[in-house]
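What the coordinates show
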Amino acid sequence: MARRNDGLSEYRAKRDFSATSEPVGEARDPASEGSRFVVQEHRARALHWDLRLERDGVLASWAVPKGIPADPRKNHLAVRTEDHPLEYLTFAGEIPAGQYGAGTMRVYDTGTYDTEKFDDKEVMVTFHGERVRGRYVLFRTRGKDWMIHRMDPPDDPDRQLPPADLRPMLASTPTSTRAVASAGWAWELKWDGIRALGYVDGGRLSLFSRNGNDVTARYPELRPLGVEFGTSDAVVDGEIVAFDDDGRPSFERLQSRMHVTSDTAIRKLARDTPVAYVLFDLLWLDGHSLMSEPYEVRRERLLALGLVGPNWQTPPHEVGDGSSTRDVSVRFGIEGVVAKKLDSIYEPGKRSRGWIKQKNSHRQEFVVGGYVPGEKSRTGSIGSLLIGYYTPEDPPHLHYAGRAGSGLSQHDISELERVFARCARNTSPFDVGRPPKNARFVEPILVIEVKFTEWTNAGVVRHPTFLGFRTDKKPTDIGRESD
């Protein structure tokens, strides 16, 4: 690849060397050419890695947003940037705000390389570094856009990509508290939020609900978590939670974030009603599954990552009888606790006896199968919702569980009217139980969260109060005790 005619003029034109500590440098005589390289981790406006190869007395440079790929099955974008001076081989430090490339620069790896091909369309080299080793090719696609591909097998022959269709493991409800009263269990708080698996690759975080829906765009304040992983790939399990002014989880406050799709509204809500990602499990790390490891091993590996930030945390857990965790959950009005067997593996998508939940109050999700028109101020509108849950028969039966009208706001009613207008039906969707005679029925496609005082012997709830919509859950997943 021929050296650019202007040498380092483009590099210098972008920088104020009275403000930045970056080297001014000068192009060297190509006759003194070496074969050194550096990869720098650059935490600028967006995390990326800079690959620089000594060539013709300067450093030919590419910005690689997701880092140097360790697996030949994944190609990464590499954007050709201006040549840099050789002094940049060892540069690390802070580039001040307001300067080109402002952010933190550190050396990720350095070493030498062998050249097979080096021209304006293709660069084929073999790296000899501590972290970056092996045969790679950079090939130009268009303009300044290139791709980088690993030609050798992975350094780690057992390295695998995580499955794209993982689903969260679910907790069971115990028939007796004695089931978890003995040693061998750890206790965590049960967070009142949205369950989400976080996939991290190349410093980028993607969030998926328990149904596999991509919800990343709804929570931009969580994206910087991906930067904390650097070049590691990972899958974490946790809960997206909104806290009230007293620091308590608030599902009502989270409601305002769950259904918004406008970019402008999302950015405003991220400032005014921020969420946190509460992390409690680690399923995958650096090309290896941890799901067959015991819970206590996965938990140790998660804690070792030190993931504590402005919008994410890894809360403590208690090994033993769980009395302290239960006391905290009651004192702060948290939904309940979850006990996890220390030797339990992670069973994706399954409701396991290895995790057992205990709630401080009765609340769960229900399927809406219809409504009763309102009276007085709600005349002609929606007075209460007819709710139900699925029983475990094959096929499952929808069991009528009562009416929920308390807690419905005018905004909620307007949203329900819009949904019901397109899913009305003439017959009852309930297979078990007797809805009221003046009921109007709808297809059972909507899931809501309800709190209530107790169950009757007939499987109906007493004193139910509507809390909010649950678009992150499928109606057919809703049983008498659901997460």
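A quick note: this is a predicted structure, and the numbers were derived from the prediction, not measured. (Residues numbered from 1 in each chain as written. Predicted model: local features only at pLDDT ≥ 70, side-chain atom pairs only at ≥ 80, totals over all residues. Heavy atoms only, no water.)

Comments concerning the overall build of the chain
Threshold: Secondary structure follows DSSP: runs of H or I at least 4 residues long count as helices, runs of E at least 2 residues long count as strands, and numbering of each begins at the N terminus. Residue exposure (1.4 Å probe, protein chains only): buried if accessible area is under 20% of the type maximum, exposed if over 50%, otherwise partly exposed. A contact between two residues is defined here by any heavy atoms of the two lying within 4.5 Å.
For the chain, the helix and strand inventory stands at six helices and 28 strands. Projected onto the principal axes, the alpha-carbon positions of the chain cover approximately 90 × 50 × 40 Å. Residues classed as buried in the chain amount to 51% of the 483 residues present. Taking all contacts inside the chain whose residues are at least 6 apart in sequence as the whole, residues at least 24 apart take part in 64%.

Observations regarding the pattern of salt bridges
Definition in use: By salt bridge we mean one thing: a side-chain nitrogen of Lys or Arg within 4 Å of a carboxyl oxygen of Asp or Glu.
Inspection of every chain in the model, using the stated rule, returns 36 salt bridges. One salt bridge connects E335 with K190, and the closest N-O pair in it is separated by 3.4 Å. Residue E335 is found in the loop between α5 (323-331) and β19 (336-341), and its partner K190 is found in strand β11 (residues 185-190); the two are separated by 145 residues along the sequence. Taken individually, E335 and K190 each receive the classification buried, so the pair is uniform in this respect. The structure contains a network of salt bridges with shared partners spanning D192, R363, E365, E449, R470, D472 and K473.

Quick look at the packing of aromatic side chains
For the record, the criterion: For Phe, Tyr and Trp, where Trp contributes only its six-membered ring, two rings pair if their centres lie within 6.5 Å, and the inter-plane angle classes them as stacked under 30 degrees, edge-to-face over 60, or tilted in between. To sit over a ring, a charge needs its Lys NZ or Arg CZ within 6 Å of the ring centre and within 35 degrees of the ring normal.
Applying the stated criterion across every chain yields a total of 16 aromatic pairs. Between the NZ or CZ atom of R326 and the centre of the ring of W187, over which it lies, the distance is 4.9 Å. One Lys or Arg, K340, reaches over the ring of W355 and ends 3.8 Å from the middle of that ring.

Thoughts on the sheet that holds strand β18 (residues 318-319)
To keep things clear, this is the line we draw: The pairing criterion for strands is at least two bridges between them, as found by DSSP.
What the five strands build is an open sheet, ordered β10-β20-β19-β11-β18; its pairing is mixed. The open sheet has two free edges, formed respectively by β10 (170-172) and β18, since each of these has just one partner strand. Looking at chain direction, β11 and β18 are connected through two bridges and run antiparallel. When the bridges of β18 are listed, A186 appears paired with V319.

Quick look at unusual backbone geometry
Excluding glycine, residues mostly carry a negative phi; peptide bonds, for their part, are mostly trans. Although it is not a glycine, D56 adopts a positive phi angle of roughly 55°. Within the chain, D286 stands out as a residue other than glycine whose phi angle is a positive 50°. In this fold, D286 is placed in the loop between β15 (275-285) and β16 (288-289). Residue classification places D286 among the partly exposed positions, given a relative accessible area of 31%.

So, the confidence of the model for the chain
To keep it simple, the criterion reads: Each residue gets a pLDDT score, which is the predictor's confidence in that residue and runs from 0 to 100.
Looking at the chain, the pLDDT average stands at 91 and 94% of residues meet or exceed 70. Within the model, the stretch residues 1-5 combines pLDDT values under 50 with 20 contacts to residues more than four positions away or in other chains.

Observations concerning the pairing of strand β1 (residues 36-43)
Most of β1 sits out of view: six of its eight residues are buried. As paired strands, β1 and strand β6 (residues 103-118) are joined by eight bridges and run antiparallel to one another. Within β6, the position partnered with F37 by the bridge is G111. The turn joining β1 and strand β2 (residues 47-55), which pair antiparallel and follow one another in sequence, is formed by three residues.

Some points on the layout of surface pockets
Just so we agree on the cut-off: Every definition here rests on a 1 Å grid over the protein atoms only: cavities are sets of points where a 1.4 Å probe fits but cannot get out, pockets are open sets enclosed by protein on both sides within 12 Å along at least five of seven lines, and lining residues have some atom within 4 Å of a point. Grid points are joined across faces, edges and corners, and a volume is the space filled by probe spheres set on the points. Gly counts as polar in this scheme, as do all residues outside two lists: the nonpolar Ala, Val, Leu, Ile, Met, Phe, Trp, Tyr, Cys and Pro, and the charged Asp, Glu, Lys and Arg.
Its boundaries defined by the atoms lining it, the largest pocket holds a volume of some 740 Å³. Lining the largest pocket we find 38 residues, and of these I68, A70, Y108, R159 and T231 sit closest to its centre. Each residue belonging to the lining of the largest pocket can be placed in one class, and the counts come to 15 nonpolar, eight polar and 15 charged. Volume-wise, the second largest pocket comes out at about 440 Å³. Taken together, 22 residues make up the lining of the second largest pocket; nearest its centre are Q255, H259, E415, F469 and T471. Of all elements in the fold, only α2 (251-258), α6 (410-420), β25 (440-452) and β28 (465-469) reach the threshold of two or more residues within the lining of the second largest pocket. The element that contributes the greatest number of residues to the lining of the second largest pocket is α6, accounting for five residues. Within the lining of the second largest pocket, the residues separate by chemical class into nine nonpolar, five polar and eight charged.

Some thoughts on the environment of L254
Tracing the backbone through its elements, the reader meets L254 in helix α2. Owing to a relative accessible area of 0%, L254 belongs among the buried residues under this scheme. In sequence terms L254 and G34 are 220 residues apart; their C-alpha atoms lie 57 Å from each other. In this structure, L254 is in contact with G193, I194, I240, A242 and V275, ignoring residues within four places of it in sequence.

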